[in-house]
Amino acid sequence: MRRLAPMLLAALAVLAAACEKKTQPTPSGEAGAQAAQGQPASAGGTPTGADTILLGQVGALTGGQATFGISTRNGIELALKEANAAGGVKGKKLAVKVYDNQSKPEEAAQATTRLITQDKVVLILGDVASSNSLAMAEKAQAAGVPMITPSSTNTTVTQKGDYIFRVCFIDPFQGFVMAKFARDELKLGKVAVLQDNKSAYSIDLSDVFTRKFKEMGGTVATTESYSQGDTDYRAQLTAIKKTQPDGIYVPGYYSEVGVIARQAREVGLKVPLMGGDGWDSEKLFELGGSAINGSYFSNHYSPDNPDARVQKFIADYKAAYGGVPDALAALGYDAARVAIEALQRAKDLSGPSVRDAIAQTKDFPGVAGTVTLDDKRNAVKSAVVLKVGDGKTQYVTTISP
Amino acid sequence: MAQLLQHLINGLAAGTIYALVALGYTMVYGVLKLINFAHGDVMMVGVYMGYASAFALGREARGSLLGIAAVFAVAMLGCALLGFIIERFAYRPLREKPRLTALITAIGISFALSYGFQLDIGFLPGASPRAFPEIIEPTEWLIIGDRDVVVWNWQIISFLIAVGLMVGLQYLVFGTRFGQAMRAVSWDHRVAALMGIPTDRVIALTFMLSSGLAAGAGLLYAIKDTSVSPLMGLYVGLKAFVAAVIGGIGHVPGAVVGALVLGLVEEFVVGYAASSWRDAVAFGFLILVLLVKPGGLFGRVAAEKV
């Protein structure tokens, strides 16, 4: 019997090793993943010669943020396919080399180095999560390769240097959008704020919201806080309830917001909740149940937008991948199209020329809003406000800077 | 005043669940002098067993007394089995080894469970948090004033289940032959063995009991906060461990009192100060108790036999 325990341990070790293989893709795994996704030859794989312009993408295809990277990749592929069908750039076809960062900043940095030194890409499309994009930006800036992040909203990403751009708005803007919406559209006078003290994103949004809301003549009755991973918010909500607010601003991520909504209803708070793009996930509806209905959040884009360009993108995306594209797919698509347009304008394909061309992007018609890059290389664009109801979101309004 | 009352209710609700988890730590420590750091993660596994069985039962699990009982039974029996396996293969081979070895193994099992459950293969649930199904249909049971204080049916039911489990445990330890054997093993397991007590069986049963109890507590926790994730065990487990130490580890009523105190302290700190103070105050309180009364509020300082 004494032998049993070591044997069991050995069996466990074998099992663990087997699991490892399944979840951790080997370096060759990316190619396999692409093949499995039915990647078209025109927009994937290694370049075939001098008649190809190679772009690079680093995104989370596995790990906790996997949906982010996959959506973005689909958007980029779609944009490249369209550009190639229209004749490519400077008489050459476009291709993209995709590396998985496994949702980890260190992997993202490594993949970026590989894109620059081995694959010699002309331009890099970054990740969604700001921490990954920050790690990439450092490498891209040092090598003088232009990088565009589709959807990293943290202010510091583009501050890494003059080769780093983004096609989405920055976090403080969302705080302003919700403050304006709460004052002008919902006509709220007194609100409470419930922020995530462990997230720079949440604190940023909450600070700007508070400042702007006060400037617009409203009052912020109280600011309570929680920590990412908490599941009991009754104490904060009870304290908020005492101030009898007309609304609550909760600029957090969907995993916490869903539970907060349920408990807010439980302690008897019936007022609307408001938040930012951290809410944008199917999980929000599961975790929040019916309690989240009637809440509002700011986002990059809405699939309900009747604009013909947006609806064509949605139809194309559905045809290619099935399902409605989320904001990340839309921003991936926009980032790739901004890049392609800049490559067309650039006088050659060297880093500095491409950089200058991207910097001159003005009034570019993206599906997630018009892109104009400011002198800090951030997109100045409008945000949409969505209303949550019965397991889906509904477009309410667009707010411009 | 109404706010104070609501905080009191919230704090008690959190405290009773900490108490049930803390009892598991205290029982195992009492019998083996082992701090079973995997206890919180066993609780987490129990929650996912309850999750799976609630879905398997579908609407039967909702509202019907039989359905709720079935969910609890599956989770508690499943966890008891898990407790047995862990004790048999991870702790028993190390029983005659220095105590530190078993402690390290316990931490290893804790991580294996909490990170293993974040994988997304086969029956494993993956890293994303999930909403626990409402196996008790929530209804407002008591409303004071203009919804100043709201008490829900599941709060009462959870409280009753928790008290029931605690009373049952107290009877088991002090009113049955098995309890007598447990206490004898706790006193000195070698002498107990000489007296004809099947120590291995008693220790295994203690583990099963504490793990089953953890599953029960986990389900009450999941009903309360609705969001479940593979890392929940680390968090609740740590808090319950602190509660057990505050009360005097190895002391059954001490664990309950310690947990209730901790639940209330946390609730009042968050409600009247700020949430960032919650853990600071909880652990500060622990340090204070250990400084003033090293054995905990109810414990006695026993000289270590050399």
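In this numbering scheme, every chain counts its residues from 1 along its sequence in written order. Lettering for chains starts from A, numbering for ligands starts from 1, and both go in the order in which the items are written. In keeping with the predicted nature of the model, local features appear solely for residues at pLDDT of at least 70, side-chain atom pairs appear and are counted solely at 80 or more, and the whole-chain, interface and lining totals rest on all residues. Only hydrogens and water are set aside; all other atoms, that is, all heavy atoms of the structure, feed into the side-chain values.

### Side note on the packing of helix H8 (residues 234-242) of chain A against helix H10 (residues 252-272) of chain B
What counts as an axis is a line fitted to C-alpha atoms, over the stretch in contact for a helix, and the angles between N-to-C directions run from 0 to 180 degrees. Put simply, DSSP marks the helices as runs of H or I at least four residues long and the strands as runs of E at least two long, and each gets a number from the N terminus on. The N-to-C vectors of H8(A) and H10(B) enclose an angle of 40°; their axes lie 8 Å apart at closest approach. With respect to H10(B), the element H8(A) is oriented oblique. Between H8(A) and H10(B) lies a crossing whose hand is right-handed. On H10(B), the residues that touch A:Arg234, A:Ala235, A:Gln236 and A:Ala239 of H8(A) are B:Glu267, B:Val270 and B:Gly271. For classification, angles of less than 35 degrees are called roughly parallel, those exceeding 145 degrees roughly antiparallel, those between 65 and 115 degrees roughly perpendicular, and all remaining angles oblique. A crossing counts as left-handed when the near helix is turned anticlockwise from the far one by less than a right angle, and as right-handed when that turn is clockwise. Two residues form a contact once any of their heavy atoms are found within 4.5 Å.

### Describing the interface of chain B and chain A
Listed by partner, the interface residues are 34 residues for chain B and 34 residues for chain A. In this description, buried area is defined as the sum, over both parts, of the accessible area (probe of 1.4 Å) that is lost when the two are combined. Carbon and sulfur atoms supply 52% of the area buried between chain B and chain A, which totals about 2,800 Å² over both sides. Per-residue buried area on chain B facing chain A is highest for B:Gln3, B:Phe89 and B:Arg147; these three make up 18% of the total on that side. Across the pair A:Arg262 and B:Glu134 runs a salt bridge whose closest N-O atoms are separated by 3.3 Å. Counting of polar contacts relies on pairs of N or O atoms within 3.5 Å, with two restrictions inside protein: one atom must be capable of donating a hydrogen and the other of accepting it, and residues adjacent in sequence are counted only when both atoms are side-chain atoms. Linking chain B with chain A are 13 residue pairs in polar contact (both at pLDDT 80 or more), by the criterion used here. For the side of chain B that touches chain A, the secondary structure elements donating two or more residues are helix H1 (2-32), helix H3 (65-91), strand S1 (130-131), strand S3 (149-152), helix H5 (153-175), helix H8 (199-225) and H10 of chain B. Looking at the side of chain B that touches chain A element by element, the count peaks at five residues for H1(B). Residues belonging to the side of chain B that touches chain A are distributed by class as follows: 14 nonpolar, eleven polar and nine charged. The working definition used for a salt bridge is a side-chain nitrogen of Lys or Arg within 4 Å of a carboxyl oxygen of Asp or Glu. Each residue is assigned to one of three groups, with Ala, Val, Leu, Ile, Met, Phe, Trp, Tyr, Cys and Pro labelled nonpolar, Asp, Glu, Lys and Arg labelled charged, and all others, Gly among them, labelled polar.

### Comments concerning unusual backbone geometry
The backbone phi angle of A:Lys90 is positive, close to 50°, even though this residue is not glycine. Position of A:Lys90 relative to the elements: it lies in the loop between helix H3 (66-85) and strand S2 (93-100). At B:Lys33, a position not held by glycine, the phi torsion is positive, near 55°. One can find B:Lys33 in the loop between H1 and helix H2 (39-57).

### Side note on the sheet that holds strand S8 (residues 247-249) of chain A
All names here are of chain A. At least two bridges found by DSSP between two strands is the condition for calling them paired. On the basis of which strands lie adjacent, the open sheet formed by seven strands has the order S7-S6-S8-S9-S10-S13-S14 and mixed pairing. In the strand order of this sheet, the two ends are held by strand S7 (219-226) and strand S14 (392-399), each with one partner. Here the strands of the sheet are splayed against their neighbours by 25° on average, with no regard to which way each runs. Across two bridges, the pairing between strand S9 (residues 273-275) and strand S10 (residues 296-299) is parallel. Bridge pairing in S10 links Gly275 to Phe297. Together, strand S6 (190-196), S7, S8 and S9 form the strand contacts of helix H7 (residues 200-215), whose direction differs from that of S6 by roughly 165°.

### Observations regarding the pattern of salt bridges
Taken as a whole, this structure holds 24 salt bridges over all chains when the rule is applied. Notably, a salt bridge pairs A:Arg234 with A:Asp232, separated by 3.3 Å at the nearest N-O pair. Each member of the pair, A:Arg234 as well as A:Asp232, is classed as buried. Close ionic contact of B:Glu266 with B:Arg278 constitutes a salt bridge, the shortest N to O distance being 3.8 Å. One end of the pair, B:Glu266, is in helix H10; the other, B:Arg278, is in helix H11 (residues 278-292), and twelve residues separate them in sequence. Among the residues examined, B:Glu266 registers a relative accessible area of 4% and is labelled buried. One salt-bridge network, in which partners are shared between bridges, spans A:Asp230, B:Lys239, B:Glu266, B:Arg278 and B:Asp279. Whether a residue is buried, partly exposed or exposed follows from its accessible area with a 1.4 Å probe, protein chains only, as a fraction of its type maximum: under 20%, in between, or over 50%, in that order.

### Thoughts on empty space enclosed by the protein
Residues and elements named next belong to chain B. As defined here, a cavity is a set of points on a 1 Å grid over the protein atoms alone where a 1.4 Å probe fits but cannot get out. A pocket is an open set with protein on both sides within 12 Å along at least five of seven lines, and residues line them when an atom is within 4 Å of a point. Grid points are joined across faces, edges and corners, and a volume is the space filled by probe spheres set on the points. Under the counting rule described, the total for this entry stands at one cavity of 30 Å³ or more. Reported here for the largest cavity is a volume of approximately 180 Å³. Contributing elements (two or more residues each) for the lining of the largest cavity: H1, H8 and H10. Considering every element that reaches the lining of the largest cavity, the biggest residue donor is H10, with four residues. Partitioned by chemical class, the residues of the lining of the largest cavity number seven nonpolar, two polar and seven charged.

### Structural notes on the packing of aromatic side chains
Ring pairs are drawn from Phe, Tyr and Trp, using the six-membered ring of Trp, whenever the two centres fall within 6.5 Å, and their geometry is named by plane angle: stacked under 30 degrees, edge-to-face over 60, tilted for the rest. Under the defined criterion, the tally for this structure stands at 20 aromatic pairs over all chains. Arranged with centres 5.6 Å apart and planes meeting at 55°, the rings of B:Tyr25 and B:Phe241 form a pair that is tilted. Here B:Tyr25, found in helix H1, pairs with B:Phe241, found in helix H9 (residues 232-247); they are 216 residues apart in sequence, far enough to count as distant. These aromatic residues form a ring-pair network of at least three members: B:Tyr48, B:Tyr51, B:Phe55, B:Phe117 and B:Phe132. Note on criteria: charge over ring means Lys NZ or Arg CZ within 6 Å of the ring centre, with the direction from the centre no more than 35 degrees off the ring normal. Taking the ring centre of A:Phe213 as reference, the NZ or CZ of A:Arg183 above it sits at 6.0 Å. The ring of B:Phe89 has B:Arg88 lying over it, and the distance from NZ or CZ to the ring centre is 5.4 Å.

### Digging into a nonpolar patch on the surface
All names here are of chain B. Patches draw on residues past 30% relative accessible area with no salt bridge. Two like charges within 9 Å are joined, as are two nonpolar side chains (Val, Leu, Ile, Met, Phe, Trp, Tyr) within 5 Å. Computed with a 1.4 Å probe, the accessible areas rest on the Shrake-Rupley method; for each residue, only the protein chains presented here act as cover. Taken together, Leu5, Leu8, Leu12, Trp141, Leu142 and Ile144 make up a surface patch of nonpolar side chains, about 500 Å² in accessible area. Going through the elements one at a time, H1 and strand S2 (140-144) are the ones with two or more residues in the nonpolar patch. The topology assignment puts Leu12 in helix H1.

### Points about the confidence of the model for chain B
In predicted models, pLDDT denotes the confidence assigned by the predictor to each residue on a 0 to 100 scale. Residues at a pLDDT of 70 or more form 96% of chain B, whose mean pLDDT is 88. Scored as a whole, the predicted complex attains pTM 0.78, and scored at its interfaces, ipTM 0.85.

### Digging into the side chain of A:Ser133
Its location among the elements puts A:Ser133 in helix H5 (residues 130-143). Those residues within four positions of A:Ser133 in sequence are excluded, and the remaining contacts are A:Gly126, A:Asp127, A:Met147, A:Thr149, A:Ser152 and A:Val157.

### Remarks on the sheet that holds strand S3 (residues 123-125) of chain A
All names here are of chain A. On the basis of which strands lie adjacent, the open sheet formed by five strands has the order S2-S1-S3-S4-S5 and parallel pairing. Each having just a single partner strand, S2 and strand S5 (164-166) make up the two edges of the open sheet. Adjacent strand axes in the sheet meet at a mean angle of 25° when their direction is disregarded. Two elements, strand S4 (residues 147-149) and S5, share three bridges in a ladder whose sense is parallel. By the bridge assignment for S5, Ile148 is matched with Phe165.

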